[in-house]
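Survey of secondary and tertiary structure
Each chain, written out:
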Amino acid sequence: MPHQSVSEHESAVEPQSVTRHQPPPPRTVLPHEVGQHEAAAQHQSSQQHHLAAPHQAGAEYQPQPASTPHRPASYQSVTEYELAAEQTVAQHQSLAERQSPAHQVDAGQLAGEWVGDSMPTTPLRTARRPKVRPSEGGGPSGAGARGQGRRAPERPVKPGGLKSPIVKRIGIGIGAFVVAAGLAYVADLVLSSGHVPRGVVVAGIDIGGKDTGAADAELRTALGPRADQELPLQIGDVQTRLTPKTAGLAIDWDTTWANIGTQPLNPITRLTSLFTTHTVPVASTVDGNALDAQLTALRVHDRPTVEGTIAFDGARPVAVPPVPGRILDVPAARIALIDNWYRGALLDLPETAAPIAVRAEAVERALHEIAEPAVRAPIVFAGKNNATGRLEPEQIASLLSFAPDGQGGLAASFKQDVAQGVLGPQLAPSEVEAKDATFALTGAKPTVVPAIIGDKINWAKTLELLPTLVVAPQERTAQAVYEKVDPKLTTEAANALGVNEMMGQFTTSGFSGPSGVNIRVVAQKVNGAIVKPGETFSLNDFTGPRGTAEGYVESGIIDHGRPSTAVGGGISQFATTLYNAAYFAGMEDAGHTEHSYYISRYPAAREATVFDGAIDLKFRNTGQTGVYIETSTTDSEVSVRLWGTKTVNVESITGEKTKPTEPTTIKLPKGKDCIATEGAPGFTISDTRVITDRKTGREISRTTRTVKYDPIPVVKCE
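Residues numbered from 1 in each chain as written. Predicted model: local features only at pLDDT ≥ 70, side-chain atom pairs only at ≥ 80, totals over all residues. Heavy atoms only, no water.

Considerations on the overall build of the protein
Heads up, the rule is: Put simply, DSSP H or I for four residues or longer makes a helix, DSSP E for two residues or longer makes a strand, and each gets a number counted from the N terminus. Exposure classes here rest on a 1.4 Å probe applied to the protein chains alone. A residue is buried below 20% of its type maximum, exposed above 50%, and partly exposed in between. We call two residues contacting when some pair of their heavy atoms lies within 4.5 Å.
Each helix and strand counted, the protein has 21 helices and 36 strands in total. When the 718 residues of the protein are sorted by exposure, 36% land in the buried category. Put simply, 71% of the contacts in the protein that link residues at least 6 apart link residues at least 24 apart.

Right, dumping it as structure tokens:
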């Protein structure tokens with residue numbers, strides 16, 4: 001804004017009563033007469049200093065009439081307007097004094113510079129008139145411009161702001177604090193380098209602020225051995241132990257230190273670490289398979305639910321309510337072990353309720369709807385030929401049982417074997433057993449004995465009626481269901497076998513006592529066996545187990561060259577007899593084993609031994625007709641004959657004994673386990689079987705078998 005002369009901005013001083021040589025009172029400055037910029041304020045200060053100069057000595061002050069200032073319409077009264085003007089001037093003068101200290105004039109100095117008059121003079125206060133815009137007063141100058149073209153006064157400006165002294169002092173203080181805090185932050189960061197962040201706690205060990213190496217050594221010393229130490233566990237009311245290392249658990253030091261981290265750069269974090277702690281969990285390495293194996297082993301402490309059921313006290317049913325169980329919560333227990341094993345303290349592993357398959361109300365329903373009606377009265381099954389089977393209430397209770405039905409209830413089931421065991425003997429007279437066709441050996445030619453078709457009770461179908469009968473209120477009787485049973489060998493099949501003459505036979509003797517018992521038992525078992533064309537006969541398979549339950553007794557055997565005893569001893573003599581009968585009948589050898597020691601009552605190189613489940617005697621029927629085996633025994637002999645259609649002749653050629661070996665001597669303590677023997681030399685011998693056609697005499701085959709017998713040791717009991 002360009003400077004203007006003082007005359008352009010002066011206004012007439014309002015008249016007032018003053019003494020001579022005293023300047024007129026200061027005129028009130030109007031709000032719109034104050035300048036808006038810093039330069040105008042400085043110019044006004046300069047004008048005030050100029051106007052305060054003293055008058056010439058002897059000059060008389062003549063006040064001039066002042067024109068009435070224009071008051072904007074926004075002010076309601078002169079007093080309000082003048083008050084606002086004074087406030088505006090005070091604000092502007094304060095701003096001018098701060099910005100232009102060189103223009104500030106001390107009132108005392110002005111009074112001292114006044115010469116020619118001893119009376120004090122009040123400095124003249126002036127104010128600029130507002131600049132009139134050409135459009136507001138009708139022209140750039142003149143009375144019309146002054147009276148009509150004035151602009152509205154500006155709003156007062158409050159003192160203060162960012163350049164206030166208080167604000168400056170606050171800013172300086174904040175700056176100093178920031179600098180000091182920054183220096184402290186840098187110093188703390190430098191001094192804590194290489195140390196664990198403050199406030200860090202690992203597994204209850206405070207390592208915050210410590211040297212990293214020392215903290216690592218402290219942690220490893222305290223926590224490292226815990227992998228090999230037994231960890232006490234609590235599972236419900238059971239306490240047990242587990243070795244973390246065995247469960248595949250160990251400390252993952254690298255991850256643990258990565259979780260601890262380095263010195264934080266956040267100043268707030270560094271500051272709060274002085275007053276707080278931060279717990280860092282220990283990371284673990286986990287062998288999943290080993291941990292799963294240990295968790296599975298801990299399941300031994302589970303207490304499964306005792307399911308509700310129905311029990312019987314004699315014929316009285318009793319409801320047994322379910323007893324809830326608890327089992328190890330394996331997923332949660334796995335997490336608990338991984339997260340807490342390193343602490344070494346008693347660890348309570350979580351459990352969960354074991355599932356309940358039967359609801360309590362289902363037990364009561366089964367009691368009243370099934371169990372109680374079941375034992376109310378006997379159940380009767382009627383069979384053929386006026387036979388009946390009767391189940392008494394206590395017997396019904398013994399075969400009736402209950403199990404979960406998968407839907408929260410109980411399902412009744414019946415033990416068919418128990419029911420059959422009770423009813424079978426009562427209904428047996430009504431049944432007809434099936435019998436295979438066989439052969440009667442009367443005279444020189446066998447005859448067919450017709451087969452019998454069986455008529456047996458079908459127990460599965462018969463007992464299907466039990467669930468209905470047990471809940472029947474009155475009628476508790478049912479008919480037994482029968483079915484036809486065909487024989488394995490029908491009459492027609494027996495006639496077609498071509499069994500009409502003897503093919504081969506053999507007899508051995510020289511047994512008595514327990515051996516005779518066993519030989520007669522096995523001979524009776526084999527008697528009547530039929531080997532169809534193409535089939536292989538196995539002595540072990542045909543007889544099955546040969547134990548005391550089957551009627552065999554303990555008898556003498558040869559065990560490693562020494563006499564001993566075993567159940568079934570002596571059966572090898574029957575095996576030798578059967579082998580020779582099949583040998584001369586022209587059967588094909590399908591597998592046999594000679595004794596390791598020669599027994600004089602058997603033909604050398606043409607004998608066999610058997611042992612239950614280990615050593616067998618087998619032969620195959622290669623003919624076009626069937627073979628019927630007949631056996632007979634006396635007190636000291638056993639004979640076997642094979643019947644069928646004879647087509648070949650068989651000759652046995654026994655070789656000479658060669659390569660003899662002398663026996664050794666064995667000395668044993670006297671007692672029942674020692675049986676003295678004279679011993680016998682060993683030797684090698686062969687047998688040749690020649691098979692020729694019965695009709696033509698043509699040689700069909702010639703087979704030689706060589707056998708080496710070990711010497712029988714001399715046993716002395718001393």
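Some remarks on the sheet that holds strand β1 (residues 200-202)
Applicable threshold: Following DSSP output, two strands are said to pair if at least two bridges run between them.
What the three strands build is an open sheet, ordered β2-β1-β6; its pairing is mixed. The open sheet is flanked by β2 (205-206) and β6 (278-280), the only strands paired with a single partner.

As for the sheet that holds strand β20 (residues 477-479)
Note the threshold: Interaxial angle, 0 to 180 degrees, is taken between N-to-C directions of lines fitted to C-alpha atoms, where a helix line uses only the stretch in contact.
The strand order across the open sheet built from three strands is β14-β13-β20, with neighbouring strands paired in mixed fashion. Each of the sheet's edge strands pairs with one partner strand only, and the pair in question is β14 (388-391) and β20. The mean inter-strand angle of the sheet, taken between neighbouring strand axes irrespective of direction, is 20 degrees. Two elements, strand β13 (residues 379-382) and β20, share three bridges in a ladder whose sense is parallel. When the bridges of β20 are listed, A382 appears paired with Q479. Helix α15 (residues 416-427) rests against β13 and β14 of the sheet, and its axis sits at about 150 degrees to β14.

Focus on the pairing of strand β30 (residues 637-644)
Looking down a regular strand, the side chains alternate between one sheet face and the other. Examined bridge by bridge, strand β22 (residues 501-509) and β30 share eight bridges and lie antiparallel to one another. Within β30, the residue paired with M502 across the bridge is W643. As paired elements, strand β29 (residues 627-633) and β30 share six bridges and run antiparallel to each other. Among the inter-strand pairings, T633 is bridged to a residue of β30, identified as V638. Hairpin connection, β29 to β30: the antiparallel pair is bridged by three residues.

Remarks on the layout of surface pockets
How we decide: Buriedness of a pocket was judged along seven lines, with at least five required to meet protein on both sides within 12 Å; pockets are open sets of points on a 1 Å grid over the protein atoms alone, cavities are sets where a 1.4 Å probe fits but cannot get out, and lining residues have an atom within 4 Å of a point. Grid points are joined across faces, edges and corners, and a volume is the space filled by probe spheres set on the points. Residue polarity follows a fixed list, in which Ala, Val, Leu, Ile, Met, Phe, Trp, Tyr, Cys and Pro are nonpolar, Asp, Glu, Lys and Arg are charged, and the others, Gly among them, are polar.
Taken as a whole, the largest pocket spans an internal volume of roughly 960 Å³. Lining the largest pocket are 38 residues; nearest its centre among them are I557, I558, S572, H595 and T609. Sorting the residues of the lining of the largest pocket by element identifies β25 (554-559), β26 (562-567) and α21 (571-584) as the ones contributing at least two each. Ranked by the residues each element gives to the lining of the largest pocket, the list is headed by β25, at five residues. By residue class, the composition of the lining of the largest pocket is 16 nonpolar, 17 polar and five charged.

A word on unusual backbone geometry
One non-glycine residue, A203, lies in positive phi territory at about 55 degrees. Within the secondary structure, A203 is located in the loop between β1 and β2. In this structure, N386 takes a positive phi of about 60 degrees despite not being glycine. Relative to the helices and strands, N386 resides in the loop between β13 and β14.

Quick look at the side chain of H592
For clarity, the threshold we go by: Polar contact is the term for a pair of N or O atoms within 3.5 Å; when the atoms are in protein, one must be able to donate a hydrogen and the other to accept it, and sequence-neighboring residues count only if both atoms are side-chain atoms.
Tracing the chain through its elements places H592 in the loop between β27 (588-591) and β28 (618-620). Assessed through its relative accessible area of 7%, H592 is described here as buried. A polar side-chain atom of H592 sits 2.9 Å from a polar atom in the side chain of D589. Engagement of the side chain of H592 in a polar contact is seen with the side chain of E594, the distance being 3.1 Å.

Re the confidence of the model for the protein
Counted only if it meets this: As a per-residue measure, pLDDT reflects the predictor's confidence and takes values from 0 up to 100.
For the protein, mean pLDDT is 82; residues scoring 70 or higher make up 77% of the total. Here residues 1-71 is a poorly scored stretch, pLDDT under 50, and it has 142 contacts once near neighbours within four places are set aside; other chains count. Segment residues 99-124 is flagged for pLDDT under 50; beyond a separation of four residues in sequence, or across chains, it makes 37 contacts in the model.

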